[in-house]
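Chain by chain, the residues:
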Amino acid sequence: MKKKLVVLTGAGISAESGLKTFRDANGLWEGYDVMQVASIDGWHQNPQAVLNFYNLRRKQLLEVQPNQAHYDLVSLEKEYDTTIITQNVDDLHERAGSKQVIHLHGELLKVRSVQNSHLVYTWHRDLFLGDSAEDGMQLRPHIVWFGELVPQIEVAIPIVSQADIILIVGTSLQVYPAASLLQYGSHHARFIYVDPSPSVSYELRQIRDIKIVNSKATSGIKKAIALMEI
Ligand code: APR
């Protein structure tokens, strides 16, 4: 039987594709205050600003490509039963070819009714006030905003708890509940963390045996793979 590998990814894995991370930009993303435009309060206060922000990000996403780090994770599927649990809303893991991807924070190329979370549509163009779902209600980005529940966390927890290897790539581990997933790793699980500026989060400090690869994703994942094979 193949070993179970869980890869927890964050904005850092997409940085070398040309998408900015959040905290490296001091909470500003292309001049937007992330807490303002990525929160349910922000949506209620100024939905137009929120739509503008996501329209810009959607446009950028369609202009970039997966990088070698995304592809290297796909190649691991030959040897490991691999699940990617990503905080990213981009689709670069899927475009690279990863088969099992759980999006904790939603997906940028989808929208949904503000009223009925099951009415979800693929969406590649700009979204405007007045664009409505089949139920006649306004469409919103299919994104988990600050102040909202993270339903996919319930799917992710049992997968993390069964993993033999937990590989963490390009995340500051500052956003919950995503960061708390690490505490569900079993005692036999091996942890490897790839990040050029690794976090020292509480959960990370609780892990006795973790290998830190202090590198960017494209070079770091290759080093992590070498460590996995020892
Ligand atoms: N390769 C790997 N990691 C990188 C690279 C790179 N080339 N460049 C930067 N990083 C690392 C940074 O050192 C940092 O630890 O990526 C991490 C990015 O951290 P954040 O910007 O905080 O992104 P993330 O952890 O994914 O944020 C979590 O916050 O705003 C929310 O919902 C949003 O999903 C996001 C969540």
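Residues numbered from 1 in each chain as written. Predicted model: local features only at pLDDT ≥ 70, side-chain atom pairs only at ≥ 80, totals over all residues. Heavy atoms only, no water.

**As for the sheet that holds strand S9 (residues 165-169)**
Phase 1 of the analysis: Strands sit in the order S5-S4-S1-S9-S10-S11 across an open sheet of six strands; the sheet is parallel. At either end of the open sheet lies a strand with only one pairing partner, and these are strand S5 (101-103) and strand S11 (210-213). Adjacent strand axes in the sheet meet at a mean angle of 15°, parallel and antiparallel pairs treated alike.
Phase 2 of the analysis: Taken together, the five bridges between S9 and strand S10 (residues 190-194) define a ladder with parallel strand orientation. By the bridge assignment for S10, Val169 is matched with Val194.
Phase 3 of the analysis: Lying over the sheet, helix H7 (residues 153-161) contacts strand S1 (3-9), strand S4 (80-86), S5 and S9, oriented at roughly 145° with respect to S4. (Pairing = 2+ DSSP bridges. Helix = DSSP H or I, 4+ residues; strand = E, 2+ residues; numbered from the N terminus. Axes fitted to C-alpha atoms, helices over the stretch in contact; angles between N-to-C directions. Contact = heavy atoms within 4.5 Å.)

**Regarding the domain arrangement of the protein chain**
Phase 1 of the analysis: By the assigned domains, the protein chain splits into domain 1 (1-19 + 66-105 + 149-230) and domain 2 (20-63 + 108-143).
Phase 2 of the analysis: Each partner contributes to the interface: domain 1 provides 14 residues, whereas domain 2 provides 10 residues.
Phase 3 of the analysis: On the domain 1 side of the contact with domain 2, Ala11, Leu19 and Val89 bury the most area, a combined 51% of that side's loss.
Phase 4 of the analysis: At the junction of domain 1 with domain 2, the criterion picks out zero salt bridges.
Phase 5 of the analysis: At the boundary of domain 1 with domain 2, the tally comes to two residue pairs in polar contact (both at pLDDT 80 or more).
Phase 6 of the analysis: For the side of domain 1 that touches domain 2, the elements supplying multiple residues, two or more each, are helix H1 (12-15) and helix H6 (92-96). (Domains from an automatic or database assignment. Buried area = accessible area lost by both parts, 1.4 Å probe. Salt bridge = Lys/Arg side-chain N within 4 Å of Asp/Glu carboxyl O. Polar contact = N/O pair within 3.5 Å; in protein donor to acceptor, adjacent residues only side chain to side chain.)

**Points about the environment of Gln87**
Phase 1 of the analysis: With respect to the element layout, Gln87 can be found in the loop between S4 and H6.
Phase 2 of the analysis: Note on Gln87: relative accessible area 14%, which makes it buried.
Phase 3 of the analysis: If we skip the residues at most four places from it in the chain, Gln87 touches Thr9, Gly10, Leu104, His105, Thr171, Val175 and Ala178.
Phase 4 of the analysis: Only 3.0 Å separates the side chain of Gln87 from the side chain of Thr171, close enough to count as a polar contact. (Buried < 20%, exposed > 50% of the residue type's maximum accessible area, 1.4 Å probe, protein only.)

**With respect to the packing of aromatic side chains**
Phase 1 of the analysis: On inspection of all chains with the given rule, the structure shows four aromatic pairs.
Phase 2 of the analysis: Taken together through their ring pairs, the aromatic side chains of Tyr32, Trp43, Phe53, Tyr54 and Trp145 make up a single cluster.
Phase 3 of the analysis: Seen from the ring of Trp123, Arg125 lies directly overhead, with NZ or CZ sitting 4.2 Å from the centre.
Phase 4 of the analysis: Its guanidinium or amino end placed over the ring of Trp145, Arg140 lies 3.9 Å from that ring's centre, counting from NZ or CZ. (Phe/Tyr/Trp six-rings, centres within 6.5 Å; stacked < 30°, edge-to-face > 60°. Lys NZ or Arg CZ within 6 Å of the ring centre and 35° of its normal.)

**Quick look at the side chain of Ser17**
Phase 1 of the analysis: By the element assignment, Ser17 lies in the loop between H1 and strand S2 (28-29).
Phase 2 of the analysis: Of note is the side chain of Ser17, whose polar atom sits 2.6 Å from the backbone oxygen of Gln65.
Phase 3 of the analysis: Of the polar contacts made by the side chain of Ser17, one reaches the side chain of Asn67; its length is 3.1 Å.
Phase 4 of the analysis: Setting aside residues no more than four positions away along its own chain, Ser17 makes contact with Val64, Gln65, Pro66, Asn67, His70 and Leu92.

**Let's talk about the packing of helix H5 (residues 68-75) against helix H9 (residues 217-228)**
Phase 1 of the analysis: Following both chains from N to C, one finds H5 and H9 inclined at 25°, their axes separated by 8 Å at the closest point. With respect to H9, the element H5 is oriented roughly parallel. Judged by the twist between their axes, the crossing of H5 over H9 is left-handed. Packed against H5, whose contacting residues are Gln68, Ala69, Asp72 and Leu73, the element H9 presents Ala217, Thr218, Ile221, Lys222 and Ile225 at the interface.
Phase 2 of the analysis: Partitioned by chemical class, the residues of the contact of H5 with H9 number five nonpolar, two polar and two charged. (Parallel < 35°, antiparallel > 145°, perpendicular 65-115°, else oblique. Left-handed = near helix turned anticlockwise from the far one by under 90°. Nonpolar A, V, L, I, M, F, W, Y, C, P; charged D, E, K, R; others polar.)

**Here we look at the sheet that holds strand S6 (residues 106-113)**
Phase 1 of the analysis: Here three strands make up an open sheet; going across it, the order is S7-S6-S8 and the pairing antiparallel. Either end of the sheet is taken by a strand with one partner, and the two such strands are strand S7 (120-122) and strand S8 (139-143). Taken pair by pair, the neighbouring strands of this sheet meet at an average axis angle of 45°, ignoring direction.
Phase 2 of the analysis: With five bridges joining them, S6 and S8 adopt antiparallel strand pairing. Across the sheet, residue Val111 finds its bridge partner in S8, namely Pro141.
Phase 3 of the analysis: Set on the sheet, helix H4 (residues 47-63) makes contact with S6 and S8; between it and S6 the angle comes to about 135°.

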